[in-house]
Amino acid sequence: QVHLVESGGGLVQAGGSLMLSCAASGSVLRLGAMGWYRQAPGKQRELVAEVTAMGRTNYGDSVEGRITISVDNVEKTAFLLMNGLSLEDTAVYYCRALLTPLATEIPNYYWGQGTQVTVSS
């Protein structure tokens, strides 16, 4: 069974920086896209950043220029570096990855459990 393990969330002051990481765990045959979404209270889940299976990077409109995503394909880990954080960045951040488990050989999207990021003034 495969799953995603997130870490790095927490409390940070406005203007500060934070790095999140997400590691695919279990017997993974293949890693496709890997990225981050976030959901603030009362709002829909939105894209933060994603690296596609072809290696293309997509950023959400509200974070472009402040956030950098990178993926280590060997370690099957995604990193999200966030700079210049504002109160509007407060949300639960979810990792999502397209994984092909060794057991099934069927690709599917998996979600992490979510990690809270809170930006204080």
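How each quantity is defined
Residues numbered from 1 in each chain as written. Predicted model: local features only at pLDDT ≥ 70, side-chain atom pairs only at ≥ 80, totals over all residues. Heavy atoms only, no water. 1 Å grid on protein atoms, 1.4 Å probe; cavity = no way out; pocket = protein on both sides within 12 Å on 5 of 7 lines; lining within 4 Å. Points joined across faces, edges and corners; volume = space filled by probe spheres on them. Nonpolar A, V, L, I, M, F, W, Y, C, P; charged D, E, K, R; others polar. Salt bridge = Lys/Arg side-chain N within 4 Å of Asp/Glu carboxyl O. Buried < 20%, exposed > 50% of the residue type's maximum accessible area, 1.4 Å probe, protein only. Helix = DSSP H or I, 4+ residues; strand = E, 2+ residues; numbered from the N terminus. Phe/Tyr/Trp six-rings, centres within 6.5 Å; stacked < 30°, edge-to-face > 60°. Disulfide = S-S within 2.5 Å.

Our focus in this paragraph is the layout of surface pockets. Once rolled over the atoms, a probe with the size of a water molecule shows which space is left empty. For the largest pocket, the calculated volume is near 180 Å³. What lines the largest pocket is simply Arg38, Gln39, Ala40, Lys43, Gln44, Glu46, Ser62, Leu87, Glu88, Thr90 and Ala91. A breakdown of the residues in the lining of the largest pocket according to their chemical character gives 3 nonpolar, 4 polar and 4 charged.

As enumerated under the stated definition, the model contains 4 salt bridges in all. With its nearest N and O atoms 2.7 Å apart, the salt bridge here joins Glu46 to Arg38. Exposure remark for Glu46: the relative accessible area of 33% places this residue in the partly exposed category. Judged by relative accessible area, which is 5%, Arg38 ranks as buried. The closest approach of N and O atoms between Arg66 and Asp89, which form a salt bridge, is 2.9 Å. Here Asp89 lies in the loop between β8 (77-82) and β9 (91-101) and Arg66 lies in the loop between β6 (57-59) and β7 (67-72), a separation of 23 residues in the sequence. For Asp89, a relative accessible area of 1% puts it in the buried group.

Our next topic: the packing of aromatic side chains. Tallying each qualifying case throughout the model produces 2 aromatic pairs. Centre to centre, the rings of Tyr37 and Trp111 are 5.3 Å apart; their planes meet at 65°, and the pair counts as edge-to-face. Pair noted here: Tyr37 is in strand β4 (residues 28-39) and Trp111 is in strand β10 (residues 108-111), with a separation of 74 residues, a long-range link. On the accessibility criterion, Tyr37 (14% relative accessible area) is buried. Measuring from ring centre to ring centre gives 6.4 Å for Tyr94 and Trp111, while their planes differ by 80°; the resulting arrangement is edge-to-face. With Tyr94 in strand β9 and Trp111 in strand β10, this pair connects stretches of sequence that are 17 residues apart. For Tyr94, a relative accessible area of 16% puts it in the buried group. Looking at Trp111, the relative accessible area reads 38%, which means it is partly exposed. One aromatic cluster is present, formed by Tyr37, Tyr94 and Trp111 through successive ring pairs.

Our next topic: the state of the cysteines. Following the criterion strictly, the structure yields 1 disulfide and no others. Paired by a disulfide, Cys22 and Cys95 hold their sulfur atoms 2.0 Å apart. The S-S bond linking Cys22 to Cys95 shows a torsion near -80°; that makes this disulfide left-handed. Placement of the pair is Cys22 in strand β3 (residues 18-25) and Cys95 in strand β9, with a sequence separation of 73 residues. Looking at Cys95, the relative accessible area reads 0%, which means it is buried.

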